[in-house]
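# Examining the three-dimensional arrangement
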Amino acid sequence: IRTCHARGIGLYSAHNIEVENNIVTDIDLDGLWLKDGYEVHIMGNIFNNVGKVYGQGICITNSMYTLVVGNRVCEAGWNGILFENNSHNGLILDNIVLCANALNAGYDGIRLDSCLDVAVIGNRAFDNRAGKLQQYGIREVGSSDFNLIACNSLRANAVGAISKVGANTITVSYTHLRAHE
């Protein structure tokens, strides 16, 4: 999917489907947008230069049991991967998010906004631009809590690696694991 003035892939009330092996590039809005989904698997996709006017690389809204695995998101206008508005019991695993916040509006590599029980594991979220714009590698905001953020590589972000708000959210870094080897 190339050069689109809308969303690259838009799904509403999708249940039990897989979105795999797509290349989505030069899109004005979200690379992929899912609202009210249930058991949707988003795997092995490439999103380049999406959200050029506004939008995320991958946006998951009010969805349950969503898996986002093995995708590459490069130069999203806002967040690289966003789970928001009660998107619970999800998994964000083994993705690469590079240079999000291309519109320089305070966004992150991976953001959880008012989400519970999301596992964010084994991702790489970084900014290799000379003037860093991607604020955090992973950031929780709103009422997010009870999430697991573990074993992610989050170097070279403008503000920091992780910002969390949930009192019950657990974070485990590579550094922490190496100290116990």
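Residues numbered from 1 in each chain as written. Predicted model: local features only at pLDDT ≥ 70, side-chain atom pairs only at ≥ 80, totals over all residues. Heavy atoms only, no water.

In this structure, Leu-32, Ile-58, Ile-60, Ile-81, Phe-83, Ile-92 and Val-120 are the most contacted members of the largest nonpolar core, which totals 31 residues. Elements supplying a minimum of two residues to this core: strand S2 (9–12), strand S4 (23–27), strand S5 (32–35), strand S7 (46–50), strand S8 (58–61), strand S11 (81–84) and strand S14 (110–113). Discounting chain neighbours no more than four positions away, the residues touching Val-120 are Ile-92, Ile-110, Leu-112, Ile-138, Leu-148, Ile-149, Ala-150 and Asn-152. (Core = buried A, V, L, I, M, F, W, Y, C linked by side-chain atoms within 4.5 Å. Buried < 20%, exposed > 50% of the residue type's maximum accessible area, 1.4 Å probe, protein only. Helix = DSSP H or I, 4+ residues; strand = E, 2+ residues; numbered from the N terminus. Contact = heavy atoms within 4.5 Å.)

Bringing the pairing of S7 into the picture now. One ladder, built from four bridges, connects S4 with S7; its direction is parallel. Counted as the bridge partner of Thr-25 is Asn-48 from S7. Alignment of S7 against strand S10 (residues 72–74), held across three bridges, turns out to be parallel. Following the sheet pairing, Phe-47 is matched in S10 by Val-73. (Pairing = 2+ DSSP bridges.)

Another aspect to go through is the pattern of salt bridges. Tallied over the full model, the rule gives four salt bridges. Between Asp-108 and Arg-111 there is a salt bridge, with the nearest N and O atoms lying 2.8 Å from each other. Each member of the pair, Asp-108 as well as Arg-111, is classed as buried. Between Arg-139 and Asp-108 there is a salt bridge; the shortest N-O distance is 3.3 Å. In this pair, Arg-139 sits in strand S17 (residues 136–141) while Asp-108 sits in the loop between strand S13 (96–98) and S14, placing the two residues 31 residues apart along the sequence. Take Arg-139: its relative accessible area is 17%, and that puts it in the buried class. What makes Asp-108 buried here is its relative accessible area of 0%. (Salt bridge = Lys/Arg side-chain N within 4 Å of Asp/Glu carboxyl O.)

Centre distance and the angle of the planes are the two values used to describe a pair of aromatic rings. The full count for this structure, using the stated rule, is three aromatic pairs. Arranged with centres 5.5 Å apart and planes meeting at 80 degrees, the rings of Tyr-38 and Tyr-65 form a pair that is edge-to-face. In this pair, Tyr-38 is assigned in the loop between S5 and strand S6 (41–43) and Tyr-65 in the loop between S8 and strand S9 (67–69), connecting sequence segments 27 residues apart. Residue classification places Tyr-38 among the partly exposed residues on the basis of a relative accessible area of 33%. Arranged with centres 5.1 Å apart and planes meeting at 15 degrees, the rings of Trp-78 and Tyr-107 form a pair that is stacked. Of this pair, Trp-78 sits in the loop between S10 and S11 while Tyr-107 sits in the loop between S13 and S14, placing them 29 residues apart in sequence. (Phe/Tyr/Trp six-rings, centres within 6.5 Å; stacked < 30°, edge-to-face > 60°.)

Of the residues in the chain, 96% reach a pLDDT of 70 or more, and the chain-wide mean stands at 93. Segment residues 176–181: pLDDT under 50, and two contacts once partners within four positions in sequence are set aside and those in other chains are kept. (pLDDT = per-residue confidence, 0-100.)

A cluster of nonpolar side chains, namely Val-53, Tyr-54 and Leu-103, defines an oily patch on the protein surface of about 270 Å² accessible area. The topology assignment puts Leu-103 in the loop between S13 and S14. (Patch = residues over 30% accessible without salt bridge, like charges linked within 9 Å, V, L, I, M, F, W, Y side chains within 5 Å. Areas by Shrake-Rupley, 256 points an atom, 1.4 Å probe, with all protein chains shown as cover.)

Reading across from one edge, S1-S4-S7-S10-S13-S16 is the order of the six strands in this open sheet, with parallel pairing throughout. Unpaired on one side and paired on the other, strand S1 (2–4) and strand S16 (124–126) mark the two borders of the sheet. Averaged over all pairs of adjacent strands, the angle between their axes in this sheet comes to 15 degrees, without regard to strand direction. (Axes fitted to C-alpha atoms, helices over the stretch in contact; angles between N-to-C directions.)

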